[in-house]
Amino acid sequence: MPLFILNACGQSNNKQNKTQKSDAMENVISKPENPYYSNTDTTKLNVSDAEWKKVLSPDLYAVAREADTERAFTGTMWNSETKGTYYCAACGLKLFKSNQKFVSSCGWPSFFEQDNKNSVVFKDDNSYGMHRIEALCGRCNSHLGHLFDDGPEPTGKRYCMNAISLDFVPEATESNGNLETIVLGGGCYWCVEAVYENLIGVEKVVSGFAGGKVENPSYEEVCSGTTGAAEVVEITYDKTKTSLDEIFKVFFTVHDPTTLNRQGADVGTQYRSAIFYKNEEQKKAAESIITDLNNAKVYNSKIVTTLEPFKAFYKAKDYHQNYYQNNKNQPYCEMVIQPKIEKFEKIFKDRLKKK
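Residues numbered from 1 in each chain as written. Predicted model: local features only at pLDDT ≥ 70, side-chain atom pairs only at ≥ 80, totals over all residues. Heavy atoms only, no water.

Participant: Sorry, what's going on with the side chain of Arg 139 here?
Facilitator: Its location among the elements puts Arg 139 in the loop between strand E6 (132-137) and strand E7 (143-148). At a separation of 2.9 Å, a polar atom in the side chain of Arg 139 contacts the main-chain carbonyl oxygen of Tyr 36. Among the polar contacts listed, one links the side chain of Arg 139 to the backbone oxygen of Cys 91, at a separation of 2.9 Å. Ignoring any residue separated from it by four or fewer positions in sequence, one finds Arg 139 in contact with Tyr 36, Ser 38, Asp 41, Thr 42, Thr 43, Lys 44, Leu 45, Cys 91 and Leu 93. (Helix = DSSP H or I, 4+ residues; strand = E, 2+ residues; numbered from the N terminus. Polar contact = N/O pair within 3.5 Å; in protein donor to acceptor, adjacent residues only side chain to side chain. Contact = heavy atoms within 4.5 Å.)

Participant: Whenever I open this one, the confidence of the model for the protein chain confuses me. Can you help?
Facilitator: Atomic detail in the predicted coordinates should be set aside for any region of low pLDDT. Residue-level pLDDT values for the protein chain average 88, and 90% of them are 70 or greater. For the protein chain, per-element mean pLDDT is lowest for helix H1 (residues 2-19), which scores 36, and highest for E6, which scores 98. Contacts for the low-pLDDT stretch residues 1-26, under 50 throughout, to residues beyond four places or in other chains number 27 contacts. (pLDDT = per-residue confidence, 0-100.)

Participant: Explain the pattern of salt bridges here, please?
Facilitator: When charged atoms on two side chains of opposite charge get close, those side chains can pair. Scanning the model with the defined rule gives 13 salt bridges in all. Notably, a salt bridge pairs Lys 123 with Glu 134, separated by 3.9 Å at the nearest N-O pair. Taken together, the residues span a long stretch of sequence, with Lys 123 in strand E5 (residues 120-125) and Glu 134 in strand E6 at a distance of 11 residues. Taking the relative accessible area as the measure of exposure, Lys 123 reaches 45% and is therefore partly exposed. Given the relative accessible area of 7%, Glu 134 is considered buried. The partner of Lys 157 in a salt bridge is Asp 149, and the shortest N-O contact between them spans 2.5 Å. Given the relative accessible area of 61%, Asp 149 is considered exposed. (Salt bridge = Lys/Arg side-chain N within 4 Å of Asp/Glu carboxyl O. Buried < 20%, exposed > 50% of the residue type's maximum accessible area, 1.4 Å probe, protein only.)

Participant: Just checking my understanding: could you explain the sheet that holds E5 for this structure?
Facilitator: What holds strands together in a sheet is hydrogen bonding between their backbones, with the strands either parallel or antiparallel. Strand order in the open sheet formed by 6 strands is E3-E4-E8-E7-E6-E5, with antiparallel pairing between adjacent strands. Two strands close off the open sheet at either side, each with one partner strand: strand E3 (101-102) and E5. Judged from the 2 bridges that link them, E3 and strand E4 (residues 110-111) form a sheet pairing that is antiparallel. Along E4, the bridge assignment pairs Phe 102 with Ser 110. (Pairing = 2+ DSSP bridges.)

Set out below in structure tokens:
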């Protein structure tokens, strides 16, 4: 019965994917809920705030359209050195490259140069009794942050940006437009990682943490249950070889989504069943499969998997990566992880990577 329902969900989602194919080919980032979003169109936008309010999240709207300022040191973007490209989170315009970025002690993402002369525009800001230079998106005129004269050479400028105003695409994803990522929590990340590493189409699985109130928490802090973070895996997959639908099929097969804040003997909010969605497509696909499984009464109890907007992913230390492969003889691996892998291999035997 579970497999029948999961396959039915896959059929309905595949139809939806076909209708959105042209969008995905055009955009590096897909935001079907936002008709103004494009990573290739540089045409100036003239959209009312009332219309923006319909398509932007409340937090993004407050910064982009009302010039609000987020808290310093929010997430990891301010000190990230990952190579890639930064886009306007409201309209998708390319704003900065990672080689124009520097780590500033101010606590906000900082750049010394913009992508091109039209990507960021400026105006005087005399609010709060001081004079500053406001930085705005060159396409949609959304507030990004401010420009200061205390940056590094060669420009001496510091573009101090709100992280929520930026979308970031890692270089690996840019070089292959078929790659996407999803962050999932299904109990101990060692278990979930070991399963997905064997699925055809999965390029990379990284164990880490998401969903908490502490920046870059340690494993010990997360295990204490006080950070609000969950053990998760960040899955990078090739859309031409697998799909979001199949990723979710595996997810709901190899863990119990009906036990609140626990998987077997692992108990606590850090072991909660959770999907951290990065866009509306991921959110709607997750809502759809959960609704179908609940309606079909596939499980004896109702699914308690949380759907949480993705904010930041913190990679766990190296000894947590590929844990099962490196520790197969450990009791936890033999008693807890191995049975999950065997279940996965039995149900998805035609979708296993060749060893």
